[in-house]
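Below are the chains, spelled out letter by letter.
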Amino acid sequence: MSDPDSGSAPQADGASEAERRKGKSSRRAKRKRGHGRPNAHSAEANQAGKSSQVAQRPAEDEAGSPARKRKRRRRARGGAQGGAQPASPAQQLSAPAEPRASPDHGHASSHKSGKNRRKHRSKRGLQGRPLAHEKTAQIVAPANTPANVQTHDDPRQNRQSQPRRDGQHYHADADTRPLDLYAALDLGTNNCRLLIAQPTRPGQFRVVDAFSRIVRLGEGLGASGRLSGDAMDRAVEALRICAAKLKTREIRRMRLIATEACRAADNGEAFLSRVTEETGLQLEIIDRETEARLAVSGCSSLVGPEARSVVLFDIGGGSSEIAVIRIGDNRSSRLANHITHWTSLPVGVVTLSERHGGRDVTPELFETMVCEVQRMLERFDCPPVQGAARESGDFHLIGTSGTVTTLAGVHLDLPRYDRRRVDGVWLSDDEVSAMQAKLLSWDFAGRAANPCIGPDRADLVLAGCAILEAIRRRWPSPRMRVADRGLREGLLTDMMADDGVWRRGRSRRGHRPRDMKGPQT
């Protein structure tokens, strides 16, 4: 390449426009101050690779100084020999560029060269070198990479060979593929709940979107055996919101279930057909055993490694599922595999409160409800649980329902319900008894005024406490753990485990949605 001042020169020679301006201003300042010139490093030292030494800028106070003449001779010799070899990238980064000679050095071509340099200054590339016309190797970004992402220096391009801390590996397309989203919907007797989540660490997931609404689908079901028109309208309206949420996201896999209300109602199947027509959602009615297993799967992370026996119960609106879990030395990754006995009681907070009344509950009425549930439990053929009758850390209860989460919120005296503080909290046997007695002492208005209960649950909470008391009498335990989770979490856990999203080193490319029982378009 031709240097404007003195012929051919290596590409490493030269400076950026900002550096030239800086050098020019500093030279003018030196002329004014009259400083002496420092010694310049030799070209042989720079070519030997001593990039750590910083070349000092020669003085520019005289147009014909010896330093200028020596530099021009070196450039001329380099041009006559065909040009020096370009410096290596490391040398280019560490060695500073030599300053260009001033255009008024006395040569005949200096005036013309200075004009050309000023004329083509805007066309010069990095470090003042003319822009090269040959094509250089580049890392091609995927087609759907955003335009403002610079992929040539993005360390994410090398993730395929970099192990993660948890033993899994990054993949080159990890940031361009769609998220693996899973969805679970639970239409119960009292609530309609939706959860959309993305798998993270093994056995865990991150909630992307959630929805919950009290619809009381089982209202009046115990007396008539059918779903009422108002109850179905409330449920359909809530399901429309769920369908809208699902349509706005690319769901890899989803499962939508209905439980006791649709199981027991004579018009349950007809109601689900109406749901499909009006919302596009296809719900499936699951049996009681599946419901019990899903409740256990959703709470598996709350069973500590020290536990050997657990009784898990889910007090629903129309039924209550109970599972007895015995864990040996070989613990399975799926807690549901350790279920030894299970039952589903045909009673829930809605059916029990409708049968006995939930607004004005006296201690005598409360005991009547407890005895009714106890008689149902007597028909459950299950041997005594080891460690249940003594002070032992090997056994405890786990409750997953609105009843136990309400008791925990009242016990913590929360100004408003906070799932993060309630989920996983431990309650002693005395604390549970104290909370039940406290709720029983309040009238309907007092329960409705509590922020953790509210008017929607004020007539149901004592019926749930009666079911809880019957379970505690059957399986006495010094402590109980509260779980603000249930069937939705169990559905998500099972789907993610079936797809193997938590396997170590598993490739996550090329996934295709399957089992899509979502909105019909």
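What counts, and where the lines are drawn
Residues numbered from 1 in each chain as written. Predicted model: local features only at pLDDT ≥ 70, side-chain atom pairs only at ≥ 80, totals over all residues. Heavy atoms only, no water. Helix = DSSP H or I, 4+ residues; strand = E, 2+ residues; numbered from the N terminus. Buried < 20%, exposed > 50% of the residue type's maximum accessible area, 1.4 Å probe, protein only. Contact = heavy atoms within 4.5 Å. Phe/Tyr/Trp six-rings, centres within 6.5 Å; stacked < 30°, edge-to-face > 60°. Lys NZ or Arg CZ within 6 Å of the ring centre and 35° of its normal. Polar contact = N/O pair within 3.5 Å; in protein donor to acceptor, adjacent residues only side chain to side chain. Pairing = 2+ DSSP bridges. Axes fitted to C-alpha atoms, helices over the stretch in contact; angles between N-to-C directions. Core = buried A, V, L, I, M, F, W, Y, C linked by side-chain atoms within 4.5 Å. Parallel < 35°, antiparallel > 145°, perpendicular 65-115°, else oblique. Nonpolar A, V, L, I, M, F, W, Y, C, P; charged D, E, K, R; others polar.

> Help me understand the overall build of the protein chain in this model?
The helix and strand tally for the protein chain stands at 18 helices and 13 strands. Burial analysis of the protein chain (521 residues in total) assigns 45% to the buried set. Taking all contacts inside the protein chain whose residues are at least 6 apart in sequence as the whole, residues at least 24 apart take part in 72%.

> Looking at this structure, how should I read the packing of aromatic side chains?
Ring pairs (aromatic) are described by centroid distance and by the angle formed between their planes. What the rule picks out here adds up to one aromatic pair. Taking 6.2 Å as the distance between ring centres and 65° as the angle between the ring planes, the aromatic pair formed by F380 and W475 counts as edge-to-face. Linking F380 in the loop between helix 12 (363–378) and strand 11 (395–399) with W475 in the loop between helix 17 (461–474) and strand 13 (479–482), this pair joins segments that are 95 residues apart in sequence. Considered together, F380 and W475 belong to a single accessibility category, that of buried residues. Above the face of the F444 ring, R359 is positioned so that its terminal group lies 3.8 Å from the ring centre.

> Before we go on, may I ask you to explain the environment of E469 in this structure?
For E469, the position within the fold is in helix 17. Judged by relative accessible area, E469 falls into the buried class, the value being 14%. The sequence separation of E469 and M369 amounts to 100 residues, and the corresponding C-alpha distance is 9.7 Å. Setting aside residues no more than four positions away along its own chain, E469 makes contact with V370 and Q436. Within polar-contact distance, the side chain of E469 engages the side chain of R472 at 2.9 Å.

> Which parts of the structure should I look at to understand the sheet that holds strand 5 (residues 205–214)?
Pairing between the strands of a sheet is mediated by backbone hydrogen bonds and can be parallel or antiparallel. Taken together, five strands build an open sheet; the order of strands is 5-4-3-6-7 and the sheet is mixed. Each edge of the sheet is formed by a strand with only one pairing partner; in this case those strands are strand 5 and strand 7 (284–285). Against the sheet, helix 18 (residues 487–499) makes contact with strand 3 (181–187), strand 4 (191–199), strand 5 and strand 6 (251–258), and its axis sits at roughly 145° relative to strand 3, the strand it touches most.

> What exactly am I supposed to notice about the nonpolar core here?
One recurring pattern in soluble globular proteins is that nonpolar side chains are buried together. Of all hydrophobic cores here, the largest spans 53 residues; its most connected members are F313 and W475. Beyond its immediate sequence surroundings of up to four residues, W475 is in contact with V311, I322, V324, L377, F380, V385, F395 and L397. Counting 33 residues, the second largest nonpolar core, distinct from the first, contains L221, A243, F271 and L272.

> Looking at this structure, I do not really get the side chain of S353. What am I missing?
In this structure, S353 sits in helix 11 (residues 349–356). A relative accessible area of 8% means that S353 is categorised as buried. For S353, the side chain forms a polar contact with the main-chain oxygen of V349, separated by 2.7 Å. Here the side chain of S353 touches V350 through a polar contact of 3.0 Å, landing on its backbone oxygen. In this view, S353 contacts G358, D459, L460 and A463; residues no more than four positions away in its chain are not counted.

> Would you mind going over the environment of V347 with me for this structure?
With respect to the helices and strands, the residue V347 is situated in the loop between strand 10 (339–345) and helix 11. The buried category is assigned to V347, whose relative accessible area is 0%. Distance from V347 to G316, taken between C-alpha atoms, is 8.1 Å for residues 31 residues apart in sequence. With near-sequence residues (within four places) excluded, V347 lies in contact with G318, S319, S320, L352, R355, M376 and I467.

> Would you mind going over the pairing of strand 13 with me for this structure?
If a strand is regular, its side chains alternate between the two faces of the sheet. Relative to strand 13, strand 11 is paired through three bridges, and the arrangement is parallel. Bridge pairing in strand 13 places G399 opposite V482. Here strand 12 (residues 426–428) runs beside strand 13; their pairing, made up of three bridges, is antiparallel. Bridge pairing in strand 13 links S428 to R479.

> What is the right way to read the packing of helix 11 against helix 17 from this model?
Packed helix pairs are specified by the crossing angle of their axes together with the interaxial distance, meaning the distance between the axes. Close contact between helix 11 and helix 17 brings their axes to 8 Å; oriented N to C, the two are set at 110°. Taken together, helix 11 and helix 17 sit at an angle that is classed as roughly perpendicular. Facing helix 11, whose interface residues are V349, L352 and S353, helix 17 presents A463, G464, A466 and I467. Looking at the contact of helix 11 with helix 17 residue by residue, the classes come out as five nonpolar, two polar and no charged.

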